[in-house]
Number of protein chains: 2
Amino acid sequence: MAIDPVLEGLERRDPAALARAISLVENQRDDYERVLSHAHARLGRGGTRRVGITGPPGAGKSTLTERLIQHYRGQELRVGVIAVDPTSPFTGGALLGDRIRMESASHDPGVFIRSMATRGAHGGLATTTEEVADLLEAFGFDRILIETVGVGQTELDVARSAETTVLVLVPESGDGIQTLKAGVMEIADVYVVNKSDRPGADKLRTEVEVMLGIRRGNAFRHISPHHRSDSRTVGSSDRKPVPSDAWEPPVIAAIASRGEGVAELTHALDRHHRHLEASGRLAAGRRERLVQRTRAALERGMRQWIAATAQAEELLARRLDDLVDGRRSPYDVAAEILDQLKTGAGR
Amino acid sequence: MAIDPVLEGLERRDPAALARAISLVENQRDDYERVLSHAHARLGRGGTRRVGITGPPGAGKSTLTERLIQHYRGQELRVGVIAVDPTSPFTGGALLGDRIRMESASHDPGVFIRSMATRGAHGGLATTTEEVADLLEAFGFDRILIETVGVGQTELDVARSAETTVLVLVPESGDGIQTLKAGVMEIADVYVVNKSDRPGADKLRTEVEVMLGIRRGNAFRHISPHHRSDSRTVGSSDRKPVPSDAWEPPVIAAIASRGEGVAELTHALDRHHRHLEASGRLAAGRRERLVQRTRAALERGMRQWIAATAQAEELLARRLDDLVDGRRSPYDVAAEILDQLKTGAGR
């Protein structure tokens, strides 16, 4: 497929061109890196903000996302949504696909919703999600919501590719305590206890707050050994305040289905954004992400180089029996291929 | 660290040398690939079997693992256990660390238990787990149990690096239906409904069986279009039998804490192993895994090459301002570095 019509379509703000561009990037087809380079030159200009929303299945993330869309549309902000289902190699994306209808918003040209499956791209999902978010930002969306199901490492990586990460929990998910124990608490900037009219909501909220409080206490004691040795006798009420540039993640009670807590959430998101700006972390995070992205692009380029180098595949095929028999190890064969690439490359 | 004493220790079957070898591999330190090559030459000789055990937190995987250890020890088989916690970047491995005491087995030289954290190694956890399993197999363990917490993609990749994958579910996990929906059912060879004396166990077991049955039905209709068009009128009872070389995953009710269902599980594991052997899938799977491993080793080698090439890092640092300003994209810079590697390599 020729890339130029896609680039021209993006310039004209044609949603069909955007959809095509996303497909190219998602599938790493054709000159998708040209599309991404085109988008890159248009980033960081309009004050676009990226929010990641994650949590266990059934926590009400889609409903909350829908409410956020309504809120931002009320402010005439354009909203792009990327719904990522890391389990989709096994489901074809059914887990999100079912839930992402969001019909209230679907005919609004100021809203663009895209479901994304992983297509088996191990380790690369967070990078691809960020790249799709770049396309949305370059296209002119003011708010980009990245919704992902689950609290495993892949999901967290995806949610954390945004500037602000929201973790949505529900009392009845049964994952409450397990999630706490799994330490995923420590990765979000804002916590939402959704369906907060149900039994156990207050308890869950308190648990999360205690967890975060304990963590802050520990973190502070860590940089103040003298205080640590005192703390056994003086007790936890003696905790010193956190440094003024630290962010204290709020825990928000919400009933997304009724819109309750949504205003608090949007305020928290605004506060966190201001915090990132004032502390210099917005700019620092952006630099760090660009370095990571370049490394990811470099590794992809390396893989493509291996795949395009006929000798590499040929050699691997020729060595397969040796591998099976144990005469050569995968590391011997990899080193052999790498040597060929290194010496052959300069010719 | 010199590698030779480690290799000599492995030859002597010194458990301390094994522990050191695992640490080297886990941290990719020194000549760890020599250690792995050494192990590779000793694989596939003693009929070692690898079993992956996964499921949501609290499903009783550790208890079940402990029961399997007892069973195999009763047959005088040596057992190695790798306990992997993919959430550990956030917890330091606490989720498994708490549970993996397995005191009943800890003083038995025929049992070796190793907890493994991810150490932030994105995408590489399944590979590292397989490599540690290689070390255990080369050391002489007859059964290798790979236990991992959770049902996300990373966890499944780890569990599926074994020859046989067991998914453990519990009625009260609350994840039952969600797990079904997420399609993770389709990845296991054996299903265990643990704590099967609790309310909801029969229901969960039926759901899993229906899910597996439906899937087989669909799969069959997929290869028989004529049958598919008929099926609406004739109904699902008309399903033809699955092909004789297909494996029908059993669903086993267990109460691991009392040892109930453990004999059924070990029979199912034996049956699955015979099925893999008879169908040729054991050998085919081994070949495929060796190819994947070689590719993984090659990619690691590539990354090390990039890291060791001073110009690559230098160039990236020099281009950082251009990246931030949007004058160059990560893809431009990656291509530039790759070009330097390609042209510089042959000199």
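Residues numbered from 1 in each chain as written. Chains lettered and ligands numbered in written order. Predicted model: local features only at pLDDT ≥ 70, side-chain atom pairs only at ≥ 80, totals over all residues.

Asks: How should the overall build of chain A be read in this particular structure?
Replies: Across its full length, chain A carries 15 helices and seven strands. Among the 347 residues that make up chain A, the fraction classed as buried is 46%. Within chain A, contacts between residues separated by at least 24 positions form 73% of all contacts whose residues are at least 6 apart in sequence. (Helix = DSSP H or I, 4+ residues; strand = E, 2+ residues; numbered from the N terminus. Buried ≥ 20, exposed ≤ 12 C-beta atoms within 10 Å, placed from the backbone. Contact = placed C-beta atoms within 7 Å.)

Asks: Explain the environment of B:Thr266 here, please?
Replies: Residues and elements named next belong to chain B. Structurally, Thr266 can be placed in helix α12 (residues 262–278). Using a count of 17 C-beta atoms within 10 Å as the deciding quantity, one classes Thr266 as partly exposed. Along the backbone, Thr266 and Tyr72 are 194 residues apart, and their C-alpha atoms lie at a distance of 9.0 Å.

Asks: What should I look at first to understand the packing of helix α2 (residues 15–26) of chain A against helix α3 (residues 32–40) of chain A in this one?
Replies: Angle between the axes and distance between the axes are the two parameters that describe a pair of packed helices. Residue and element names in this part refer to chain A. Their axes nearest at 8 Å, the elements α2 and α3 cross at an angle of 120 degrees. By the angle between their directions, the pair α2 and α3 is classed as oblique. Judged by the twist between their axes, the crossing of α2 over α3 is left-handed. Contacts between α2 and α3 involve Ala21, Leu24 and Val25 from the first element and Tyr32, Val35 and Leu36 from the second. (Axes fitted to C-alpha atoms, helices over the stretch in contact; angles between N-to-C directions. Parallel < 35°, antiparallel > 145°, perpendicular 65-115°, else oblique. Left-handed = near helix turned anticlockwise from the far one by under 90°.)

Asks: Before we go on, may I ask you to explain the pairing of strand β6 (residues 190–193) of chain A in this structure?
Replies: Put simply, side chains in a regular strand alternate between the two faces of the sheet. All names here are of chain A. Residues Val190 and Val192 of β6 are buried on one face, and the alternating residues Tyr191 and Val193, pointing to the opposite face, are buried as well. With four bridges joining them, strand β5 (residues 164–169) and β6 adopt parallel strand pairing. Its bridge partner being in β6, Val168 is matched across the sheet by Val192. Note that β6 and strand β7 (residues 251–253) share three bridges and pair parallel. In the strand pairing of β7, Val192 is matched with Ile252. (Pairing = 2+ DSSP bridges.)

Asks: Can you walk me through the confidence of the model for chain A in this structure?
Replies: One rule of thumb: low pLDDT means the predicted coordinates there are not for detailed reading. Residue and element names in this part refer to chain A. On average, chain A scores 78 in pLDDT, and the residues at 70 or more come to 76%. Note that residues 88–105 has pLDDT below 50 and, in this model, 42 contacts with residues that lie over four places away or in other chains. When the criterion is pLDDT under 50, residues 215–242 qualifies, and its contacts beyond four places in sequence or with other chains add up to 13 contacts. (pLDDT = per-residue confidence, 0-100.)

Asks: What is the right way to read unusual backbone geometry from this model?
Replies: What is expected of a backbone is that most residues other than glycine have negative phi and most peptide bonds are trans. Phi at A:Lys195 takes a positive value of approximately 55 degrees, unusual for a residue other than glycine. As for its placement among the helices and strands, A:Lys195 is situated in the loop between β6 and α10 (201–222). Taking the C-beta count within 10 Å as the criterion, A:Lys195 has 24 such neighbours and is therefore assigned buried. Phi is positive for B:Gln28, close to 50 degrees, though the residue is something other than glycine. Within the secondary structure, B:Gln28 sits in the loop between α2 (15–27) and α3 (32–40).

Asks: Honestly, the packing of helix α13 (residues 281–308) of chain A against helix α14 (residues 310–325) of chain B in this entry has me stumped. Any pointers?
Replies: Packing of α13(A) against α14(B) leaves a shortest axis separation of 10 Å and a crossing angle of 120 degrees. Relative to α14(B), the element α13(A) is oriented oblique. The crossing of α13(A) and α14(B) is right-handed. Within the contact between the two elements, α13(A) uses A:Arg286, A:Arg287, A:Leu290, A:Val291 and A:Thr294 and α14(B) uses B:Leu316, B:Leu320, B:Leu323 and B:Val324.

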